[in-house]
Amino acid sequence: MSRSSTLFCHPTEFVLDIVLYILSVSPCSVTGHACSNWDSLTCSAVLCVSVSFFGRMYSFMGGGLFCAGIGNILLIVSTATDYWMQYRHSSNYMHQGLWRYCVPGKCMAHTDSIAYWDATRAFMILSLLACFIGIVIGVMAFIHYSSFDGFDKTFAAGILFFISCFFVLLAMAVYTGVTVNFYGKRYGSWRFSWSYIMGWVAVVLTFFSGIFYMCAYRMHECPRNSNSR
């Protein structure tokens, strides 16, 4: 059977072969057989997709940097502001953050060293630092900065974004658990506020930043693998 008839008679198998090639998996291990002219097929597939490889890779990296940039801003604002929760106490509405609590007309610093506040602060700061370093390395990967060629900057940025996501998730989990168990029993009227919500949005954004950079890393590795064959 000719190559053209193989491609058009089995379109599903053709698409699967291309996907498996990109993933560096042998098609025989999945389908049990492949198109009759696999070598020719791979060459034509690479020619078809190589043009869009780098465009897609930079799209992933750009999306990752955008999400990480917004996420980093949200981390800063969330950590610094005083609206993690609001509650009613002695007929007054009060609000508090990680560093201060506020009554109508004035704000005062937390003087007590409470473990869950300290843990939340530490995790938020670590998340912010990991995200910032990830952005710096991500930009270096995006512009092909030649220094520090001993490691893959795309992969490193993705890992840092995942680490940032992990730390902020820990911070939100600790704060949520203690706040619900403590304030839910002590005060009848309370709610989480916008600083807290920003923290959860940062969780999502840093996670997708890591996903985008890992996709970019995978697309960057595919041409290397094909060239080494």
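Residues numbered from 1 in each chain as written. Predicted model: local features only at pLDDT ≥ 70, side-chain atom pairs only at ≥ 80, totals over all residues. Heavy atoms only, no water.

A. Spotlight on the pattern of salt bridges. According to the stated counting rule, one finds two salt bridges in the structure shown. For Arg100, the salt bridge identified is with Asp82, shortest N-O distance 2.5 Å. Within this pair, whereas Arg100 is found in strand E3 (residues 100-103), its partner Asp82 is found in the loop between helix H4 (38-80) and strand E1 (85-89), the two being separated by 18 residues in sequence. Classification of Arg100 by relative accessible area gives partly exposed; the value is 37%. On the basis of relative accessibility, which here comes to 8%, the residue Asp82 falls in the buried class. Residue Arg121 pairs with Asp118 through a salt bridge whose shortest N-O separation is 3.0 Å. Within this pair, Arg121 and its partner Asp118 are both found in helix H5 (residues 115-142), separated by three residues, close to a single helical turn. By relative accessible area, Asp118 is classed as partly exposed at 31%. (Salt bridge = Lys/Arg side-chain N within 4 Å of Asp/Glu carboxyl O. Helix = DSSP H or I, 4+ residues; strand = E, 2+ residues; numbered from the N terminus. Buried < 20%, exposed > 50% of the residue type's maximum accessible area, 1.4 Å probe, protein only.)

B. Broad picture of the pairing of strand E4 (residues 106-109). The pairing of E3 with E4 spans four bridges and is antiparallel. Bridged to Val103 within E4 is Lys106. What sits between the antiparallel neighbours E3 and E4 is a turn of two residues, in which Gly105 has the positive phi angle 100°. (Pairing = 2+ DSSP bridges.)

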